[in-house]
Amino acid sequence: RELKAHPAPSPCHCRDTFHQSTWASYMTNSPTLIVMIGLPARGKTYVSKKLTRYLNWIGVPTKVFNLGVYRREAVKSYKSYDFFRHDNKEAMEIRKRCALVALQDVKAYLLEECGQIAVFDATNTTRERRDLILSFAKENAFKVFFVESVCDDPEVIAANILEVKVSSPDYPERNRENVMDDFLKRIECYKVTYQPLDPDAYDKDLSFIKVINVGQRFLVNRVQDYIQSKIVYYLMNIHVQPRTIYLCRHGESEYNLVGKIGGDSGLSPRGKQFAQALKKFIEEQEIVDLKVWTSQLKRTIQTAESLGVMYEQWKILNEIDAGVCEEMTYGEIEVKYPDEFALRDQEKYLYRYPGGESYQDLVQRLEPVIMELERQGNVLVISHQAVMRCLLAYFLDKSADELPYLRCPLHTILKLTPVAYGCKVETITLNVEAVNTHRDKPCLNSNTLPAGHSPVRMRRNSFMPRASADTVKRPWHYSVGSKPLDLVGAFPSLEARDGADQQQLQVEAQVVPSLCFPCPPSPAVSVVLTGMQPVPRVFVSV
Amino acid sequence: MPMELTQSRIQKIWLPNDNRPALPRRSCGPQLANSPTVIVMVGLPARGKTYISKKLTRYLNWIGVPTKVFNVGEYRREAVKHYSSYDFFRPDNEEAMKVRRQCALAALRDVKLYLTEEAGQIAVFDATNTTRERRGMILNFAKENGFKVFFIESVCNDPTVVASNVREVKLSSPDYRDCNSTDAMEDFMKRINCYQASYQPLDPDDYDRELSLIKVIDVGRRFLVNRVQDHIQSRIVYYLMNIHVQPRTIYLCRHGESEFNLKGKIGGDSGLSNRGKKFARALNKFVEEQNLKDLKVWTSQLKRTIQTAEALQLPYEQWKALNEIDAGVCEEMTYEEIREQHPEEFALRDQDKYYYRYPSGESYQDLVQRLEPVIMELERQENVLVICHQAVMRCLLAYFLDKSADEMPYLKCPLHTVLKLTPVAYGCRVESISLNIEAVNTHRDRPEEGKKGPNPLMRRNSVTPLASPEPTKKPRINSFEEHVAVSSALPGCVPQEVPSQLPGQPLLGKACLT
């Protein structure tokens, strides 16, 4: 019963799979396969991606397997809806084979790559197909949870087709009417054989949620465990109304000026100037029903006070608690707690200040904020550097590695607008000078672990966001039935993925400085499109 | 520019200096719902409506939303003192039907009073409400008063579940005081049949498609949720989807006595004392003797609870949310030291212990909010042993025993004592098991002349548990004849006994910071 405080978390390459899977097993016991059901253009892909983002953010390794992507790999050029006719036997054969290949990938992900949840994004509209999936899951001891999206509002469907299907790779250079027409015919092809989930008889023993008319109604059957109950709650809270989320930090504080972290100081004169500028900015935006949220620290409240609108204080938006290091400068910490200082640089996400918090603690504390943000319309969140990074990581699909280094400078507003499957970010600098509080990720020799250092412990209720993995696009190498021997080659392993994340981080680090520093002469508006789309980052200057 | 702020002394909340009521402060209480909500239960008798009503009311009060149940059955028993048989519930018993309708109206009158004058936020209208006519009447009533309505229908067609519910709670009902259980059972089943003929379930596909509702089917096996309107309805739905009725036991205890306990210091992260280690071993023995299936063990992330759990030879989970209240600048001090070094803080805490927040630390109120996910997960689980800390255990206990914010910080949770909680009928049975290992006493009684501080500010996301109020039993429906005379004048003509201020809710006034 001699306990030792876990000295520090280890760098990511030590995240051993054993701990990870034991931890994850607390959440679900066995891996779960989420199976989407619904006619085309019912928002299945939207729900899949959003859910995957959420689950990864709360630290459950989740990945989408989109059957359309496999089909496009197999059949390079799409001609017309003819392909989807139920009497097109040849095409049916191809489609079935695609499904089987995707399921093989699901299996590899859940059994060999430490995946915890796989989202199988396809229409799955027939009992035959669903039975095939169920027996696949049974063979591998996966739990199955169905998410059926039902929508009979023609306007919603048309809007969805216009927004996401027109830009689909299936329709490279056609005009809108043709696409709409072809796509509606494609839907008709599925309607012929569509067998919705039948909760009263045939499917009464399955676990599922039916989402009816974009969240107007839900039918939930036989929720099996904690993670399914979280999924249901999340699906009941998201909506698709257009809205905008504004994220910013408090104005520059007295402590910012002297380089101290934490504390509860008031605004500096420049900070007050920013508060005024923020008021003007908000007025210019002419936002309907804007809600303003602050933390319970003086600097965010002072900032909100100058807006002249109602605001709500949330204690859970308070800055990360630096424990014994509160009210110290980085220099002072380095002198007084050199070990702590070094440990934090090694693994900033998992590092917990003595008597304080880690970014991981913060993500967990912020989960209700995310849930409430999903429910709301237009919101301005006035928070703090570490808090804003966590919120931003959720919306921009960043991993735990990148999260503590995201750039959230003072006196700069990030405007987030949901688009198709992702989130558009505009960075607005209000041209009030402020100190820079960002510390870049130091270059570390990651072999300098302190002696006696053990790998990171994963615990229940400890969140470890990941970036959602890109949809697998695999070359059509082998036919169904043969064991995929090229898995190792075709799939990035965990380590490789971490590496990939770091690469993205560097890209980001190159892009963003040019965007926020130095302060340009007039309010600069830059747009960074980050989607959950395969092409992750397009950078446009407006 | 009003950027000068002052901090309130008890709750440590920043406020604008001029103390102007910072813009229109809306109604008080957490800003969960904009207008009051009437939750209307729907279902045949013995479908667990009262169970759901009470449980939900407990939860909502614990998270600080003032909520009260209005059980029409109790109004009926007031009106008709002697229940003779199911005959009363026959649809063709016109006289009785009239009485029953009057009872419903009287209950609605009280609902209105509670939501408009007594600062209630949610009223749970617990009755069968099985006909469209009755529901239409309630909807009209709500519309007139600007209340939101959320229906909860409990549907259960499993005869064994219904029978066991009848056995468990209905046979002990005052209606069957002088009746043997076989007769009572038979009578009750006939009573259910009386309703069956006229039962019109909610029809979300057509007639009721515009209503906000949840159908709970076969004790939580399936749910149908329609048109959730706001945050609080979404919380209610999530809660209903997580509770279950399987028999189970929850054990609460604190860590074994710690080194800091010995010295009288609060907070910190010290290890167990020798007696504390002895307790851990005794706990191991106790748990083995209880012979539990699938016991889950939860600890905080502090050394003393983990050391205690290590002795159990069972897997356990660490929750940071279970950590002891953060005493901020007073961490690792004795009460004497606090009194010397922060005399003012020391006095403030005695004034209002629930709201008092340690400088750069937490209040009990903060703690309740932090513990909400733990409560939700406890509801989902079966047998659990929670090894936690004094303040944390008080908050958890207050949830299960329906204690108010006022009583909570003074609940007795001594060291080396296990509380065993077993759900029964509509409540929770507590057994206190002392493991007979000596330990220091860490309890401080409520000071005698505890002056109340200024009224605390209510904020969104700040939760102030209330004890669920006693169901109103108004003696005014004394007999059927008498009542018919008064019945025409519905709203507020009756002398009201406004409940004296709810225990433990020091403020339900309108001063409110968003």
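Residues numbered from 1 in each chain as written. Chains lettered and ligands numbered in written order. Predicted model: local features only at pLDDT ≥ 70, side-chain atom pairs only at ≥ 80, totals over all residues. Heavy atoms only, no water.

Going by an unreviewed UniProt entry, chain B carries the name 6-phosphofructo-2-kinase domain-containing protein and comes from Amazona collaria.

Going by what an unreviewed UniProt entry lists, chain A is known as 6-phosphofructo-2-kinase/fructose-2,6-bisphosphatase 2 and is assigned to Amazona collaria. Under the UniProt heading Subunit (unreviewed entry), the note attached to chain A is "Homodimer. Forms a heterodimer with PFKFB3." Of the comments in the UniProt record for chain A, the one headed Function (unreviewed entry) reads "Synthesis and degradation of fructose 2,6-bisphosphate." (UniProt positions renumbered as here; feature names shortened; annotations may be inferred.)

Chemist: Even after reading the chapter, I still don't get the overall build of chain B, so can you show me in this structure?
Modeler: When its secondary structure is counted, chain B shows 15 helices and 14 strands. Counting only residues that meet the buried cut, chain B has 61% of its 514 residues in that class. Relative to all contacts within chain B whose residues are 6 or more apart in sequence, the contacts with residues 24 or more apart total 73%. (Helix = DSSP H or I, 4+ residues; strand = E, 2+ residues; numbered from the N terminus. Buried < 20%, exposed > 50% of the residue type's maximum accessible area, 1.4 Å probe, protein only. Contact = heavy atoms within 4.5 Å.)

Chemist: What is the right way to look at the sheet that holds strand 4 (residues 143-150) of chain A in this model?
Modeler: Pairing between the strands of a sheet comes from backbone hydrogen bonds, and it takes one of two forms, parallel or antiparallel. Taken together, the twelve strands give an open sheet; going across it, the order is 2(A)-3(A)-1(A)-4(A)-5(A)-6(A)-8(B)-7(B)-6(B)-3(B)-5(B)-4(B), and neighbouring strands pair in mixed fashion. Pairing within the sheet leaves two strands with one partner each, and these edge strands are strand 2 (62-66) of chain A together with strand 4 (67-71) of chain B. Strand-to-strand, the axes of this sheet are offset by a mean angle of 15°, without reference to chain direction. As judged from the five bridges shared by strand 5 (residues 208-212) of chain A and strand 6 (residues 217-221) of chain A, these two strands associate in the antiparallel manner. For Phe208 of chain A, the partnering residue across the bridge sits in strand 6 of chain A and is Asn221 of chain A. Helix-sheet contacts for helix 2 (residues 72-79) of chain B involve strand 4 and strand 5 (122-126) of chain B, and the interaxial angle to strand 4 of chain B is about 45°. Strands strand 3 (37-42), strand 5 and strand 6 (148-155) of chain B of the sheet are contacted by helix 4 (residues 132-145) of chain B, whose axis makes an angle of about 155° with strand 6 of chain B. (Pairing = 2+ DSSP bridges. Axes fitted to C-alpha atoms, helices over the stretch in contact; angles between N-to-C directions.)

Chemist: Just checking my understanding: could you explain the pairing of strand 2 of chain A for this structure?
Modeler: Walk down a regular strand and you will see the side chains alternate between the two sheet faces. All names here are of chain A. With five of its five residues buried, strand 2 lies for the most part within the structure. Residues Thr62, Val64 and Asn66 line one face of strand 2 and the alternating positions Lys63 and Phe65 line the opposite face, and both faces are buried. Strand direction decides the pairing type here: strand 2 and strand 3 (residues 117-121), joined by five bridges, are parallel. Each bridged residue has a counterpart across the sheet, and for Val64 the counterpart in strand 3 is Val119.

Chemist: What's the story with the environment of Val379 of chain A in this structure? I'm lost.
Modeler: Residue and element names in this part refer to chain A. Counting through the fold element by element, Val379 comes out in strand 10 (residues 379-383). For Val379, a relative accessible area of 0% puts it in the buried group. Along the sequence, Val379 and Ile245 sit 134 residues apart, while their C-alpha atoms lie 5.0 Å from each other. Each residue touching Val379, except ones within four places of it in the same chain, is listed here: Thr244, Ile245, Tyr246, Leu290, Lys291, Trp293 and Leu373.

Chemist: Would you mind going over the packing of aromatic side chains with me for this structure?
Modeler: All told, the structure shown has 29 aromatic pairs over all chains when counted by the stated rule. Judged by centre distance (6.0 Å) and plane angle (50°), the rings of Tyr83 of chain B and Phe89 of chain B are tilted. The class for Tyr83 of chain B is buried, based on a relative accessible area of 13%. Where Tyr83 of chain B meets Tyr176 of chain B, the ring centres are 5.6 Å apart and the plane angle is 80°; that geometry is what we call edge-to-face. Taken together, the residues span a long stretch of sequence, with Tyr83 of chain B in the loop between helix 2 and helix 3 (94-117) and Tyr176 of chain B in the loop between helix 5 (159-170) and helix 6 (181-196) at a distance of 93 residues. Chaining the aromatic ring pairs together yields one cluster made of Tyr83, Phe88, Phe89, Tyr176, Phe188 and Tyr195 of chain B. A cation over an aromatic ring shows up here: Lys260 of chain A above the ring of Tyr255 of chain A, its NZ or CZ 5.2 Å from the ring centre. (Phe/Tyr/Trp six-rings, centres within 6.5 Å; stacked < 30°, edge-to-face > 60°. Lys NZ or Arg CZ within 6 Å of the ring centre and 35° of its normal.)

Chemist: Sorry, what's going on with the UniProt feature "binding site: substrate" (unreviewed entry) in chain B here?
Modeler: Residue and element names in this part refer to chain B. The UniProt feature table records "binding site: substrate" (unreviewed entry) at Arg254, His255, Gly256, Glu257, Ser258, Glu259, Phe260, Asn261 and Arg304. These residues run over 51 residues, yet every pair of their C-alpha atoms falls within 14.1 Å of each other. Along the chain, Arg254 turns up in strand 9 (residues 250-254). Ignoring any residue separated from it by four or fewer positions in sequence, one finds Arg254 in contact with Phe279, Ile387, Cys388, His389, Gln390, Met393, Cys413, Pro414, Leu415 and Thr442. There is a polar contact of 3.1 Å between the side chain of Arg254 and the side chain of Gln390. (Polar contact = N/O pair within 3.5 Å; in protein donor to acceptor, adjacent residues only side chain to side chain.)

Chemist: So what exactly am I meant to see when it comes to the interface of chain B and chain A here?
Modeler: Size of an interface: often given as the accessible area lost when the parts come together. Chain B puts 61 residues into the contact, and the matching count from chain A is 53 residues. There are five salt bridges connecting chain B and chain A. On the surface where chain B and chain A come into contact, there are 19 residue pairs in polar contact (both at pLDDT 80 or more). Going through the elements one at a time, strand 1 (5-7), strand 2 (14-16), strand 8 (222-226), helix 7 (231-242), helix 9 (274-290), helix 10 (303-310), strand 11 (316-318) and helix 13 (364-380) of chain B are the ones with two or more residues in the side of chain B that touches chain A. The element best represented in the side of chain B that touches chain A is helix 7 of chain B, accounting for seven residues. (Salt bridge = Lys/Arg side-chain N within 4 Å of Asp/Glu carboxyl O.)

Chemist: What's the story with unusual backbone geometry in this structure? I'm lost.
Modeler: Peptide bonds are, in most cases, trans, and in most cases residues other than glycine have a negative phi. All names here are of chain B. Unlike most non-glycine residues, Lys12 shows phi in positive territory, near 60°. Tracing the chain through its elements places Lys12 in the loop between strand 1 and strand 2. Overall, Lys12 belongs to the buried group, its relative accessible area being 8%.

Chemist: Any chance you could explain the UniProt feature "binding site: substrate" (unreviewed entry) in chain A here in plain terms?
Modeler: All names here are of chain A. The positions UniProt marks with the feature "binding site: substrate" (unreviewed entry) are Arg249, His250, Gly251, Glu252, Ser253, Glu254, Tyr255, Asn256 and Arg299. Relative to the elements of secondary structure, Glu252 occurs in the loop between strand 7 (245-249) and helix 9 (254-258). With a relative accessible area of 0%, Glu252 lands in the buried category. One polar contact links Glu252 to Ser268, side chain to side chain, over a distance of 2.7 Å. Tracing the backbone shows Asn256 in helix 9. If we ignore the near neighbours within four places in the chain, the residues touching Asn256 are Arg249, His250, Gly251, Leu410, Val435 and Thr437. At 2.9 Å, the side chain of Asn256 forms a polar contact with the backbone nitrogen of Ser253.

Chemist: Where do I start with the side chain of Ser8 of chain B in this structure?
Modeler: The residue Ser8 of chain B is located in the loop between strand 1 and strand 2 in this model. Once residues within four sequence positions are removed from consideration, Ser8 of chain B is found in contact with Ile13 and Leu15 of chain B.

Chemist: Just checking my understanding: could you explain the sheet that holds strand 9 of chain B for this structure?
Modeler: Residues and elements named next belong to chain B. The six strands lie next to each other as 11-10-12-9-13-14, forming an open sheet whose pairing is mixed. Each edge of the open sheet is held by one strand with a lone partner, namely strand 11 and strand 14 (427-434). With direction set aside, neighbouring strand axes in the sheet form an average angle of 20°. Judged from the three bridges that link them, strand 9 and strand 13 (residues 417-424) form a sheet pairing that is antiparallel.

Chemist: Can you help me understand the state of the cysteines in this one?
Modeler: Among covalent bonds in proteins, the disulfide is the one between the sulfur atoms of two cysteines. Within the structure shown, the criterion is met by zero disulfides over all chains. Unpaired in this structure, Cys98 of chain A has its nearest cysteine sulfur neighbour in Cys189 of chain A, at a distance of 17 Å. (Disulfide = S-S within 2.5 Å.)

Chemist: Would you mind going over the nonpolar core with me for this structure?
Modeler: The tendency in soluble globular proteins is for nonpolar side chains to be buried as a group. Among the nonpolar cores identified, the biggest contains 134 residues, and Leu55 of chain A together with Leu60, Ile152, Leu322 and Leu396 of chain B are the most heavily contacted of them. Per element, the largest residue contribution to this core is ten residues, and it comes from helix 15 (residues 385-396) of chain A. Beyond its immediate sequence surroundings of up to four residues, Ile152 of chain B is in contact with Ile39, Val40, Met41, Val42, Ile52, Leu56, Ile214, Val216, Ile236 and Leu240 of chain B. One finds Ala122, Tyr194 and Leu206 of chain A together with Ala79 of chain B within the second-largest nonpolar core, a separate group that totals 97 residues. (Core = buried A, V, L, I, M, F, W, Y, C linked by side-chain atoms within 4.5 Å.)

Chemist: In this structure, what is going on with the pairing of strand 12 (residues 384-388) of chain B? I would like to understand it.
Modeler: Counted residue by residue, strand 12 of chain B has five buried out of five residues, so it is predominantly covered. Burial along strand 12 of chain B is two-sided: Val384, Val386 and Cys388 of chain B and Leu385 and Ile387 of chain B, pointing in opposite directions, are all buried.

Chemist: Mind showing me how you'd approach the pattern of salt bridges here?
Modeler: One side chain can pair with another of opposite charge once the charged atoms of both are near each other. All names here are of chain A. Scanning all chains against the criterion turns up 59 salt bridges over all chains. Residue Glu73 is joined to Lys76 by a salt bridge in which the shortest nitrogen-to-oxygen separation is 3.3 Å. Of the charged contacts, one joins Arg85 and Asp87 as a salt bridge, the two residues approaching to 3.1 Å between their closest N and O atoms. The class of Arg85 is partly exposed, set by a relative accessible area of 34%. In this structure, a network of salt bridges that share partners links the residues Arg71, Arg72, Asp170 and Arg186.

Chemist: Even after reading the chapter, I still don't get the side chain of Thr442 of chain B, so can you show me in this structure?
Modeler: Residues and elements named next belong to chain B. Along the chain, Thr442 falls in the loop between strand 14 and helix 15 (480-487). Among the polar contacts listed, one links the side chain of Thr442 to the side chain of Arg254, at a separation of 2.9 Å. Only 2.8 Å separates the side chain of Thr442 from the side chain of Gln390, close enough to count as a polar contact. Leaving out residues up to four positions away in the same chain, Thr442 has contacts with Arg254, Asn261, Gln390 and Leu415.

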